[in-house]
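Observations on chain architecture
Next come the chains, spelled out residue by residue.
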Amino acid sequence: MDKNNCEMKTLIFISFLIFLPFLGASQKTSKDSQAKRAMFVYWGYNRSFYTDSKISFFGPGYDFSLAGVQATDRPSPDFITYVDPSTLTVPQFNARIGFNFKKKWALSFGYDHMKYVIVHGPTYLLSGRINPLIDPISNWSGDYNAEPVTTDESTFHYENTNGMNYIRAEISHIDKLVRASNAFAIYSVSSLGAGLVLNYNDFTFAGEKSMTTLSMSGVGASAHLGLRLEFFRHFFLQANNSVGFLYQHRVKTRGNDPYAYARQSLGYFQSDIVLGGIFYLRPKDNCNTCPNW
């Protein structure tokens with residue numbers, strides 16, 4: 001929880017530095033969320049789904065991989081977790097701050113907090129080498145070549161429930177679909193994003209359980225499509241669907257061993273719903289009916 005709050009403060013500070021040059025510009029903004037120099041922020045929650053993948057594990061006395069690994073996300077079971085200010089960053093959340101650098105085009109910076117947990121029960125294919133006596137509990141020892149195995153959470157486990165965090169920049173195109181009145185409008189938002197992956201990894205293997213091991217593990221690229229319902233030109237509810245690819249070159253698995261790590265690439269699909277606000281920097285006037293010049 002404290003780590004997530006620290007990450008959010010860092011995100012806000014970096015975003016402020018990114019947009020600072022624009023804030024002092026002399027131009028004025030019409031009160032339309034497509035207009036140049038309109039600014040927005042949002043917060044919401046997601047569900048994520050992952051492709052099967054191959055995870056390779058490296059460390060003292062072992063170099064092996066599991067192929068066909070299935071994984072799931074982990075939404076919070078209690079509704080109160082999503083609305084209690086003290087636990088807002090515990091569930092799988094999305095946060096973003098953005099700025100229209102020209103009409104209909106926005107640049108934003110944000111944070112997709114996803115959770116990744118391997119599924120136990122299915123058969124995976126084990127390849128590689130595990131030195132004798134490294135793992136006496138699960139009895140994995142020797143050389144393997146695509147040998148079917150099943151895993152048990154008590155002896156082998158891999159997850160990122162403190163976050164497989166996709167920290168990305170995004171460029172968006174915003175199209176007005178409907179303007180029913182000054183009080184209501186509908187927009188489509190199509191985006192492309194890219195960024196870094198920050199992991200907090202939990203790893204159980206060889207009789208040792210390591211928790212919340214931090215690493216900047218890799219990179220990602222993604223595409224996003226959203227539908228924004230805007231109210232009174234200042235508030236919105238937005239539903240997004242995203243597809244992406246994450247390449248995690250080096251996920252640290254042991255906090256005290258820099259040579260113990262995992263490697264993985266996977267695709268994902270994410271759906272999220274967010275609430276947001278729109279701000280107009282130096283508006284043309286103080287009304288909410290300003291024309292879109």
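Attention in this report is confined to the structure presented alongside it. No experiment lies behind these values; they were computed from the predicted model shown.

This paragraph deals with the overall build of the protein. In terms of helices and strands, the protein carries 2 helices and 13 strands. Here the protein, with 293 residues, has 49% of them falling under the buried criterion. Considering only intrachain contacts with a sequence separation of at least 6, the fraction spanning at least 24 residues in the protein is 71%. Total accessible area on the protein stands at roughly 13,500 Å², and carbon and sulfur atoms take up 63% of it.

Of all the 14 residues making up strand 6 (residues 105-118), 12 are buried; the element is thus mostly covered by neighbouring parts of the structure. Bridge analysis of strand 5 (residues 93-102) against strand 6 gives 8 bridges, and the strand direction is antiparallel. Residue pairing in the sheet places Ile97 in a bridge with Phe109 of strand 6. The hairpin formed by strand 5 and strand 6 contains 2 residues between the paired strands, and Lys104 there has a positive phi angle of roughly 75°. Examined bridge by bridge, strand 6 and strand 9 (residues 157-181) share 12 bridges and lie antiparallel to one another. Looking at the pairing, Met114 lines up with Met164 of strand 9.

Its place among the elements puts Ser190 in strand 10 (residues 184-205). Spatially, the C-alpha atom of Ser190 lies 9.3 Å from that of Asn240, the residues being 50 residues apart in sequence. Among residues more than four places away in sequence, those in contact with Ser190 are Ile171, Ser172, His173, His224 and Leu225.

Right, let's get into the packing of aromatic side chains. A complete count under the given rule lists 25 aromatic pairs for this structure. When the centroid spacing of 6.3 Å and the interplanar angle of 85° are considered together, the rings of Trp43 and Tyr45 count as edge-to-face. Look at Trp43 and you get partly exposed, because its relative accessible area is 25%. Through successive ring pairs, a cluster of aromatic residues spans Tyr50, Phe57, Tyr62, Phe64, Tyr116, Trp140, Phe156, Tyr158, Phe203 and Phe205. For Arg228, the ring lying beneath its charged end belongs to Phe236, and the centroid distance is 4.5 Å.

Bringing the pattern of salt bridges into the picture now. A full pass over the atoms with the stated rule returns 8 salt bridges. Ionic pairing is found between Glu159 and Arg74, a salt bridge with its closest N-O pair at 3.5 Å. Separated by 85 residues along the polypeptide, Glu159 in strand 9 and Arg74 in the loop between strand 4 (71-72) and helix 2 (80-83) bring together distant segments of the chain. Residue classification places Arg74 among the partly exposed residues on the basis of a relative accessible area of 38%. Via salt bridges that share partners, Asp112, Arg168 and Glu170 belong to a single interconnected network.

Another aspect to go through is a nonpolar patch on the surface. Together, Phe231, Phe232, Phe235, Leu237, Ile273 and Leu275 give the surface a local cluster of nonpolar side chains, amounting to about 610 Å² of exposed area. Of all the secondary-structure elements, those providing two or more residues to the nonpolar patch are strand 12 (235-252) and strand 13 (261-280). Relative to the assigned elements, Phe232 resides in the loop between strand 11 (208-231) and strand 12.

Our next topic: the nonpolar core. Generally speaking, nonpolar side chains in soluble globular proteins are found buried as a group. Judged by nonpolar contacts, the single largest core of 30 residues is most densely connected at Phe57, Phe64, Leu66, Tyr116, Trp140, Phe156 and Tyr158. A per-element tally of this core places strand 3 (residues 62-69) first, with 4 residues. One finds Ala106, Ile174, Tyr187 and Ile278 within the second-largest nonpolar core, a separate group that totals 11 residues.

Here we come to the side chain of Asn240. Secondary-structure assignment places Asn240 in strand 12. Taking the relative accessible area as the measure of exposure, Asn240 reaches 8% and is therefore buried. Within polar-contact distance, the side chain of Asn240 engages the side chain of Gln238 at 2.8 Å. Only 2.8 Å separates the side chain of Asn240 from the side chain of Asp272, close enough to count as a polar contact.

The rules we used
Within every chain, residues take consecutive numbers counted from 1 along the sequence as written. The predicted origin of the model limits local features to residues at a pLDDT of at least 70 and limits the giving and counting of side-chain atom pairs to 80 or more, whereas totals for whole chains, interfaces and linings rest on all residues. The side-chain numbers reported here are obtained from all heavy atoms of the structure, hydrogens and water having been left aside. Comment: elements are numbered from the N terminus, with helices defined as DSSP H or I runs of at least four residues and strands as E runs of at least two. Only protein chains enter the calculation, and the probe is 1.4 Å; a residue is then buried if its accessible area is under 20% of its type maximum, exposed if over 50%, and partly exposed in between. Whether two residues touch is decided by their heavy atoms; if any such pair falls within 4.5 Å, the residues are in contact. Throughout, the Shrake-Rupley method with a 1.4 Å probe supplies accessible areas, and for residues the shown protein chains are the sole cover considered. Pairing between strands requires that DSSP locate at least two bridges from one strand to the other. The pairing test for Phe, Tyr and Trp rings, Trp by its six-membered ring, is centres within 6.5 Å, and the orientation test on the planes gives stacked under 30 degrees, edge-to-face over 60, and tilted for anything in between. Remark: a charge is flagged as sitting over a ring if the NZ atom of Lys or the CZ atom of Arg is within 6 Å of the ring centre and within 35 degrees of the ring normal. By definition here, a salt bridge exists when the distance from a side-chain nitrogen of Lys or Arg to a carboxyl oxygen of Asp or Glu is within 4 Å. Like-charged residues are merged into a patch within 9 Å and nonpolar side chains (Val, Leu, Ile, Met, Phe, Trp, Tyr) within 5 Å, provided each residue has over 30% relative accessible area and no salt bridge. Throughout, nonpolar core names a set of buried Ala, Val, Leu, Ile, Met, Phe, Trp, Tyr and Cys residues whose side chains join them through atoms within 4.5 Å. Between N or O atoms, a polar contact is any pair within 3.5 Å; within protein, one atom must be a potential hydrogen donor and the other a potential acceptor, and residues adjacent in sequence are included only when both atoms are from side chains.

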